[in-house]
Amino acid sequence: MTETTQTRSVPQGGATKQRSPEYRLAADALRGLRQDLFHDAFAYRPLPRAGADGAARRGRGRMREYAAWTPHAVVVALGVVAMLFALASTDRAGLLSLLSGLLALGPVLLTLVRPVGAFWCSLAASAVALVFAGTSGWGDWPWLPGSFLTHLVVLTVVALRTRPRAAAWLWVMTAAYGFVAESLFGWDHYSTDVGPMLILSALILLAVTVRHIRREAQQEVTAQQTVTEAERSRRTLLEERTTIARELHDVVAHHMSVVAIQAEAAPYRVENPPPELEKAFATIRENAVAALTELRRVLGVVRAEDYEAPDAPQPTLADLDALLANVREAGLEVTKTVTGAVRELPQGVELSAYRIVQEALSNTLRHAPGADARVEIGYVLGGLGLRIVNGPPPAPHLVKPSPGAGHGVTGMRERVSMLGGEMTAGPAADGGHEVTVFLPVPAGATTGEGGA
């Protein structure tokens, strides 16, 4: 037996020191400050035009194009107001007065293209305006009236154009500028406007932050609703396919049972059948029985927990008169028209046609109570045509929203698609609703035991 010794290399400087939660919190805060206000502060980020909502959507032609520039016009207007306010509040004339106005206008206009840089320019412009104003021994420190309004506008626009976290850093840097200016250079001034600036800016930035959070919440809810709607549509489709599979089980099982019975009885219909024929019929019967077993197993997979096997055979077009009688008892005036040579069709086609008519009439009762309906059945060469049309409801304002899950049209489309047919559903010319279906039937296809 050999012994091995494992050694661990210790990095130079000893083991890595675990940082405290306070240290990590401070480091993350400084990292956020650098990312929000210092990294690419003067990057070119033009203000986008208004989206296709609000006034931009309601306008037409040139007015719609102008409405898209509404945010830019508002910012420019606020900048002009700040400039006029600065010009009206200065006691200097000539070039110095014009310079005070430009120092108030410039940072506001800069928010249109470089928002974070405009914030720093606003602080710098406030300090430069103090130098040129030459005020001493009285209030308006460290923001002149024009600079005060300019900085509030800049804070608002920059907060709207950045993330919510940046609004907190804007307020902190504004407070730091105000306290430094007041402590180091405001000793000969009787009053200060740092307090009003911090209070007003806090209220504005809080409102902007709430707006950001509300908009993000709305976007998240919208995205979730979209996902939920897609999932609901997918679930509806799967439920309808499962229902169709359960219904068609009886049809397929009937045909497979007929095949098994005929294969078992066929050798007895021929006198002295050859062994090869008997073996072939026995193989057919075994395959039919095995298919029936697998079919029942598949039905068990798709069967819902509350599913109950039907006591009666699946309905066909021969049972349509009973359906129309029940619908008339429910208060719907419905007529039936049959054209072409009536013939027996495959049971799958007959069942699907019956269910389509049933669902279309149910939709009429649900969405157009009191209206009349018409069912047209056309036996044409190569298939079966259906047309179910209803008129408009007599009192549309009294129709309540349906609490259904919207399975009706989806189920009809699935049945038609399963048979390779075509279907259209939409409003009729008179204000009602119309469903038109064509189900192809191969030539010579019939139902019944003889055709199985």
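Details of the structure are given in the entry above.
**With respect to the nonpolar core**
Phase 1: Among the nonpolar cores identified, the biggest contains 38 residues, and Leu37, Phe119, Trp143, Val154, Ala159 and Leu170 are the most heavily contacted of them.
Phase 2: Considering each element in turn, this core owes the most residues, eight residues, to helix H7 (residues 145-161).
Phase 3: Those residues in contact with Trp143, other than ones at most four positions away along the chain, are Ser126, Phe148, His151, Thr174, Tyr177, Gly178, Asp193, Val194 and Met197.
Phase 4: Grouped together as the second largest cluster of nonpolar side chains are 29 residues, Val357, Leu384, Val435 and Leu439 included.

**Digging into the sheet that holds strand E1 (residues 333-339)**
Phase 1: Pairing in this open sheet of five strands is mixed, and the strands run E1-E2-E3-E5-E4 from one edge to the other. Whereas interior strands pair on both sides, the edge strands pair on one side only; in this sheet they are E1 and strand E4 (422-427). Adjacent strand axes in the sheet meet at a mean angle of 10°, parallel and antiparallel pairs treated alike.
Phase 2: Note that E4 and strand E5 (residues 433-440) share six bridges and pair antiparallel. Of the residues in E5, the one forming a bridge with Thr424 is Thr436.
Phase 3: Helix-sheet contacts for helix H11 (residues 320-329) involve E1 and strand E2 (372-380), and the interaxial angle to E1 is about 160°.
Phase 4: The strands touched by helix H12 (residues 347-367) within the sheet are E1, E2, strand E3 (383-390) and E5, with E3 carrying the most contacts at an inclination of about 10°.

**Remarks on the side chain of Glu414**
Phase 1: Locating Glu414 in the fold gives a position in helix H13 (residues 407-418).
Phase 2: Glu414 gets classed as buried once you look at its relative accessible area, which sits at 17%.
Phase 3: Leaving out residues up to four positions away in the same chain, Glu414 has contacts with Leu237, Arg241 and Ile244.

**Quick word on the side chain of Ser100**
Phase 1: Within the fold, Ser100 resides in helix H5 (residues 95-110).
Phase 2: Non-local contacts of Ser100, meaning those with residues more than four positions away in its chain, are made with Ala86 and Thr90.

**Considering the pattern of salt bridges**
Phase 1: Under the counting rule described, the total for this entry stands at eight salt bridges.
Phase 2: As a salt-bridge pair, Arg163 and Asp36 come within 3.7 Å of each other at their nearest N and O atoms. One end of the pair, Arg163, is in the loop between H7 and helix H8 (164-185); the other, Asp36, is in helix H1 (residues 21-38), and 127 residues separate them in sequence.
Phase 3: A cluster of three or more residues bridged by salt bridges with shared partners is formed by Arg374, Glu376, Arg387 and Glu434.

**Some details on a nonpolar patch on the surface**
Phase 1: There is a patch of nonpolar side chains on the surface, built from Val76, Val80, Leu84 and Leu109 and spanning about 280 Å² of accessible area.
Phase 2: Looking at the nonpolar patch, the element that brings in the most residues is helix H4 (residues 70-89), giving three residues.
Phase 3: Along the chain, the position of Leu109 falls in helix H5.

Cut-off values and rules
Residues numbered from 1 in each chain as written. Predicted model: local features only at pLDDT ≥ 70, side-chain atom pairs only at ≥ 80, totals over all residues. Heavy atoms only, no water. Core = buried A, V, L, I, M, F, W, Y, C linked by side-chain atoms within 4.5 Å. Buried < 20%, exposed > 50% of the residue type's maximum accessible area, 1.4 Å probe, protein only. Helix = DSSP H or I, 4+ residues; strand = E, 2+ residues; numbered from the N terminus. Contact = heavy atoms within 4.5 Å. Pairing = 2+ DSSP bridges. Axes fitted to C-alpha atoms, helices over the stretch in contact; angles between N-to-C directions. Salt bridge = Lys/Arg side-chain N within 4 Å of Asp/Glu carboxyl O. Patch = residues over 30% accessible without salt bridge, like charges linked within 9 Å, V, L, I, M, F, W, Y side chains within 5 Å. Areas by Shrake-Rupley, 256 points an atom, 1.4 Å probe, with all protein chains shown as cover.

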